[in-house]
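Residues per chain, in single letters:
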Amino acid sequence: VAQVDGLMRALSLPFLPVVNGQLYRCSYPAAEFKGLPSLAVHEAEKPGPRDVHNFKRANIFEDQAEAMSFVFAPGETIYGVSDADGKFKHGTLFKLKTDGSGFVVLHDFYGGDNDGQSPTSLLLLPDGTLFGAAGKVFRYDPKTQQFAILKLDPKDDAPTVLAGCAADGTIVGVSGGFAIVGGGLSVVSMAADGSNYLSFVNSQFG
């Protein structure tokens, strides 16, 4: 009996709380901890980073594919764009769950005049619509699963980064920079349909 009692005491949690200025000694027996969850039970809940999806190609002689940008959406969903992979090796628009399951390619970029390539940026609007930069500006509606390339009006260099959406629905971003040798960054804005495209050139190259 003494051995069992000693073991139960070793498994209990004693502590000293202060309540209303008084010091008390309390103890929780081992049975009280049976209902508490354990991080070791589920691998996904173990502390530390882990891979959600691997974008590396099997062929080491080809360019390495990688996720370029991603956004969090309702329903534990991640939308993202990747570079140098997909059917045409020009990148993809994809989605997956935050635990890594349910990976689906929504669009394979094939380049050319009618499609983008090598996407660099992705933006989630309040209505759930996705906008991205891939040499051109594209729009994807998860509800209808419709993908479209926007025609910018007036025609100008497409933004390389989409930064956010103003209260009136205007999309703002950045164009130029590292993609243009000897060029500077420009702040751009446009309507959600690509119209009213404005570019404010930074002549200071800063």
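Given the structure is predicted, the values throughout are model-derived calculations rather than measurements.

(A) Representation of the overall build of the chain in the model. Looking only at helices and strands, the chain has one helix and 16 strands in total. Looking at the chain alone, contacts between residues at least 24 apart form 29% of all its contacts between residues at least 6 apart.

(B) Spatial organisation of the sheet that holds strand β6 (residues 77-83). The sheet built from four strands is open, its strands ordered β5-β6-β7-β8 with antiparallel pairing. Each of the sheet's edge strands pairs with one partner strand only, and the pair in question is β5 (66-73) and β8 (104-108). Going from strand to strand, the sheet's axes swing by 20° on average, the running direction of each strand aside.

(C) Just unusual backbone geometry, in detail. Positive phi, normally seen in glycine, also occurs at S118, with a value near 45°. Here S118 lies in the loop between β8 and β9 (121-124). The partly exposed category is assigned to S118, whose relative accessible area is 34%.

(D) Spatial organisation of the environment of D83. Of note, D83 is situated in strand β6. Sequence-wise, D83 and A67 are 16 residues apart; in three dimensions their C-alpha atoms are separated by 6.4 Å. Among the polar contacts made by the side chain of D83, one reaches the side chain of S118 at a distance of 3.3 Å.

(E) Structural detail: the sheet that holds strand β10 (residues 130-133). Read across the open sheet, the four strands follow the order β9-β10-β11-β12; overall the sheet is antiparallel. The sheet is open, and its two edges are formed by β9 and β12 (146-149), each paired on a single side. Each strand of the sheet is rotated relative to its neighbour by a mean of 20°, with strand direction disregarded.

(F) The arrangement of the pairing of β6 in detail. Taking burial as the measure, the seven residues of β6 include six buried ones, the bulk of the element. Linking β5 to β6, which pair antiparallel, is a turn of three residues; within it G75 sits at a positive phi near 80°. Where β6 lies against strand β7 (residues 92-97), six bridges are found, and the strand directions are antiparallel. Opposite I78, over in β7, you have L96 as the bridge partner.

Analysis parameters
Residues numbered from 1 in each chain as written. Predicted model: local features only at pLDDT ≥ 70, side-chain atom pairs only at ≥ 80, totals over all residues. Heavy atoms only, no water. Helix = DSSP H or I, 4+ residues; strand = E, 2+ residues; numbered from the N terminus. Contact = heavy atoms within 4.5 Å. Pairing = 2+ DSSP bridges. Axes fitted to C-alpha atoms, helices over the stretch in contact; angles between N-to-C directions. Buried < 20%, exposed > 50% of the residue type's maximum accessible area, 1.4 Å probe, protein only. Polar contact = N/O pair within 3.5 Å; in protein donor to acceptor, adjacent residues only side chain to side chain.

Read these as layout, nothing more, since geometry by itself doesn't imply function.
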